Amino acid sequence: MLESYKIIDKKVILRMRGKIYDTSEELIDGGVFREILHRAIWQLVEKKSILIRIFENDSPGEEDIAVLVNTLKRLTKNTAEEVQKLYPKSAQFFKHPSLFSDFVEFIYNFWRGFERYVLCDSIEGDSIDQRPYRAFNDTVGTLAQLMRKTYRDIEENLTGTHPRVYRQVEAGAAFGSISIPVNTDYPDGTFGKLKSIQVIRQVMMNPPLILEPKMNKRTGSFVKIDVNPLSTIQLNSDEWICYPARVGHLIIHVYIHEKFYELGFTLCNLFDIADDDEVERQPDGVYLFGVPGDELDTLAEYPTVFYDDEKNNIMVAACPNRDEFGYFGYLKKMMLTLHNAIKMKQGIMPFHGALMEIILRNGKEATMLLIGDSGAGKSETLEAMRNIGAELISDIIIIADDMGSLEIDDKGNIIGYGTEIGAFLRIDDLKPGYAFGQMDRSIIMSAGQTNARIVLPVTSYENVTKGFTIDYILYANNYEEIDEDHPILERFDNAEKALSVFKEGTVMSKGTTTTTGIVHSYFANIFGPPSYKKLHDAIAERYFKAFFQKSLFVGQMRTRLGMAGYEQEGPEMAAREVLKVIGS
């Protein structure tokens, strides 16, 4: 049975163990329905809506609302005529049946206007995570069916008619999760604050989902500090949940405050969930996303911070829970910053780019890495390649959509790995209709705004971590026009020239952050390398020499994505050129 609930902004969070409501009467009697009803009525009163005229006065009190609740409960089983006979106090609501029907419709839509989360919490000894389908069916599935049934029964008994069209709109939970206590092997001391926070083991979602985060772009930078942020903050474990993410070969425990659940649960479309053995060992990194209060403001000029705990061999990051940080980029990019920092400390080169293996129908294969900043055209060129090369391409295996790492094996081969199983794409730069074609598994954010995004799975964890030998390394140049001296695809003839272009990291900003115009970022990757610049310089010099020693194709690809009028044509022309080179 439902144990507790919270309503935060436009989120309804239901925490429960066992089955949820069994009947419509239990649903209407529940605290969640009562609060939603009160909020809806207050809104109607404030607007002076005609719907409030179902009551005998324009400012209904608690007694009036109690009569309404009893009336609605009876309408789930009885006709309007029967309800009035059985419960005479209900007569006020039936003076204008069509208005009452519109009121019921308003309440139903008011409920559906909230983002809804069902958290199935387990206690010690409970095996809820061993029977996830049953748990989700008993909770999320039951809630959706019961909400629709209750609404339809009331409307049909109120109007005396049956609808000709039944729309199976989602009235239950957008997300459901099963979480349990986990005895993670954390170092002693300040990390003990995390041990009482439940860890997600399964997630259920009902796509397509359209979310409206507080922000639609990111600003500032991720700052490396000398103080463990965990030592300065206090945590209420009831307000948090842990998403244990596989970030490439690393495990990062992401602790999500309830204020940002819509962003935290979106991680299920981007990062695989760690398995049972992985969640028990010490993670490689910890990220607290949504820290209340202003403690983080005292640690750096911009309070998105991370700390390298060298003693315990663990990275710790934190971000405040203010509205200005309510953008998915703050969540995803900090996780990748931690990944990159850890890899650099291992002597491995991280990259900000898209990595794929392209298999042509003529039998030729190539593994290509496109390096570039946000909005450079990496993902867009990949999708263009998939669309225009349908007759040439047998398969495209996505290894990394945004971030990954390179290693040099004992034979000098350059091996590439990814970090994510999903993609976080700008809708504006995709082929028209693409987002709609992926709706059955997508999460869409900030629809209708600048930098509207779609989050969807694009590959498997096996592809991310398998390791592929690299053939092509290209810098994604989105700002230069094409002419005789600036071809679509340009190959560099030495490591020094290549290193210079990649290191300068020039890009035309596409509005994914608050920067505009031509900008430069160190190796097109502000996510970790600038904080370890001396270390990264040495790694990059060694790797670029290795690229040329192995005779890799190292160059730049001009996507022109940052130039007006080339948002689609630019990546398409680049994709054609790449396919021509691979196939030759």
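Just so it is clear, the model here is predicted, and its values are computed rather than measured. (Residues numbered from 1 in each chain as written. Predicted model: local features only at pLDDT ≥ 70, side-chain atom pairs only at ≥ 80, totals over all residues. Heavy atoms only, no water.)

Q: Any chance you could break down the overall build of the protein chain for me, citing the residues and the numbers?
A: Each helix and strand in the protein chain was counted, giving 15 helices and 27 strands. Scaling as 2.2 N^0.38, a compact globule of 584 residues should have a C-alpha radius of gyration of about 25 Å, and the protein chain matches this with 27 Å. Counting only C-alpha atoms and orienting by the principal axes, one finds that the protein chain spans roughly 90 × 55 × 40 Å. Put simply, the protein chain has 584 residues, and 58% of those count as buried. Considering only residue pairs separated by 6 or more positions, the protein chain has 76% of its internal contacts joining residues 24 or more positions apart. Carbon and sulfur atoms make up 47% of the accessible area of the protein chain, which amounts to about 23,900 Å² in all. In the protein chain, the 65 positive side-chain charges and the 84 negative ones have mean positions that sit 2 Å from each other. (Helix = DSSP H or I, 4+ residues; strand = E, 2+ residues; numbered from the N terminus. Rg over C-alpha atoms; globule rule 2.2 N^0.38 Å. Buried < 20%, exposed > 50% of the residue type's maximum accessible area, 1.4 Å probe, protein only. Contact = heavy atoms within 4.5 Å. Areas by Shrake-Rupley, 256 points an atom, 1.4 Å probe, with all protein chains shown as cover. Lys, Arg positive; Asp, Glu negative; His and termini not counted. Charge placed at Lys NZ, Arg CZ, Asp CG, Glu CD.)

Q: Run through the environment of Ile13, naming residues and quoting values.
A: Along the polypeptide, Ile13 turns up in strand β2 (residues 11-16). Placed 277 residues apart in sequence, Ile13 and Gly290 show a C-alpha to C-alpha distance of 16 Å. When residues no more than four places from it in sequence are discounted, the contact partners of Ile13 are Ser4, Tyr5, Lys6, Ile8, Tyr117, Leu119, Glu258 and Tyr261.

Q: So, unusual backbone geometry: which residues are in play, and what are the values?
A: In this structure, Pro208 follows Pro207 across a cis peptide bond, with omega equal to 0°. Position of Pro208 among the secondary structure elements: in the loop between β5 (199-205) and β6 (209-211). Of note in the backbone geometry, Asp9 takes a positive phi value of approximately 55° without being a glycine. As for its position among the elements, Asp9 is in the loop between β1 (2-8) and β2.

Q: Please give an account of the packing of helix α10 (residues 378-388) against helix α15 (residues 569-583) that cites residues and values.
A: At a closest axis distance of 8 Å, the pairing of α10 and α15 adopts a crossing angle of 65°. Taken as axis vectors, α10 and α15 run roughly perpendicular relative to one another. As α10 runs across α15, the sense of the crossing is right-handed. Residues Glu380, Thr381, Ala384, Met385 and Ile388 of α10 form the contact with α15, whose participating residues are Pro571, Glu572, Ala574, Ala575, Arg576, Val578 and Leu579. (Axes fitted to C-alpha atoms, helices over the stretch in contact; angles between N-to-C directions. Parallel < 35°, antiparallel > 145°, perpendicular 65-115°, else oblique. Left-handed = near helix turned anticlockwise from the far one by under 90°.)

Q: Hey, could you go over the pattern of salt bridges for me, with residue numbers and the actual values?
A: Using the criterion set out here, one finds 28 salt bridges in the structure. With its nearest N and O atoms 3.1 Å apart, the salt bridge here joins Glu35 to Arg39. Within this pair, Glu35 and its partner Arg39 are both found in helix α2 (residues 31-47), separated by four residues, close to a single helical turn. Residues participating in the shared-partner salt-bridge network are Asp9, Lys214, Lys259 and Asp323. (Salt bridge = Lys/Arg side-chain N within 4 Å of Asp/Glu carboxyl O.)

Q: Could you give an account of the packing of helix α13 (residues 495-504) against helix α14 (residues 533-549), naming the residues involved and the relevant values?
A: Between α13 and α14, whose axes approach to 10 Å, the crossing angle comes to 135°. Judged by the angle between their axes, α13 and α14 are oblique. In this structure, α13 meets α14 at a crossing whose hand is right-handed. Facing Ala495, Ala498, Leu499, Phe502 and Lys503 of α13, the residues of α14 in contact are Asp537, Ala540, Glu541, Phe544, Lys545 and Phe548.

Q: Please give an account of the packing of aromatic side chains that cites residues and values.
A: Under the definition given, this model contains 27 aromatic pairs. With centroids separated by 5.5 Å and ring planes inclined at 85°, the aromatic side chains of Phe55 and Phe93 adopt a geometry described as edge-to-face. Here Phe55, found in the loop between α2 and α3 (62-75), pairs with Phe93, found in the loop between α4 (80-86) and α5 (97-112); they are 38 residues apart in sequence, far enough to count as distant. In this structure Phe93 comes out as buried when scored by relative accessible area, which is 1%. When the ring of Phe222 is compared with that of Phe527, the centres are 6.1 Å apart and the planes differ by 45°; the resulting orientation is tilted. Taken together, the positions of Phe222 in the loop between β6 and β7 (223-225) and Phe527 in the loop between β26 (518-520) and α14 put the pair 305 residues apart, joining distant regions of the chain. This pair shows no difference in class: Phe222 is buried, exactly as Phe527 is. Through pairs of rings, three or more aromatic residues link up here, namely Tyr302, Phe325, Tyr327, Phe328, Tyr330 and Phe424. (Phe/Tyr/Trp six-rings, centres within 6.5 Å; stacked < 30°, edge-to-face > 60°.)

Q: Would you mind going over the side chain of Lys259 in detail, with residue names and values included?
A: By the element assignment, Lys259 lies in the loop between β9 (250-257) and α7 (261-264). Within the structure, the side chain of Lys259 is placed 2.8 Å from the side chain of Asp323, a separation counted as a polar contact. Apart from the residues within four sequence positions on either side, Lys259 is in contact with Asp9, Lys11, Asn321, Arg322 and Asp323. (Polar contact = N/O pair within 3.5 Å; in protein donor to acceptor, adjacent residues only side chain to side chain.)

Q: Explain the pairing of strand β3 (residues 115-121) to me, and be specific about the residues and the numbers.
A: With respect to burial, β3 is a largely interior element, seven of its seven residues being buried. Burial of the side chains of β3 extends over both faces: Glu115, Tyr117, Leu119 and Asp121 are buried on one face and Arg116, Val118 and Cys120 on the other. Inspection of the sheet shows β3 paired to strand β4 (residues 175-180) by five bridges, in the parallel sense. Along β4, the bridge assignment pairs Val118 with Gly176. (Pairing = 2+ DSSP bridges.)

That is the geometry; function is a separate question.
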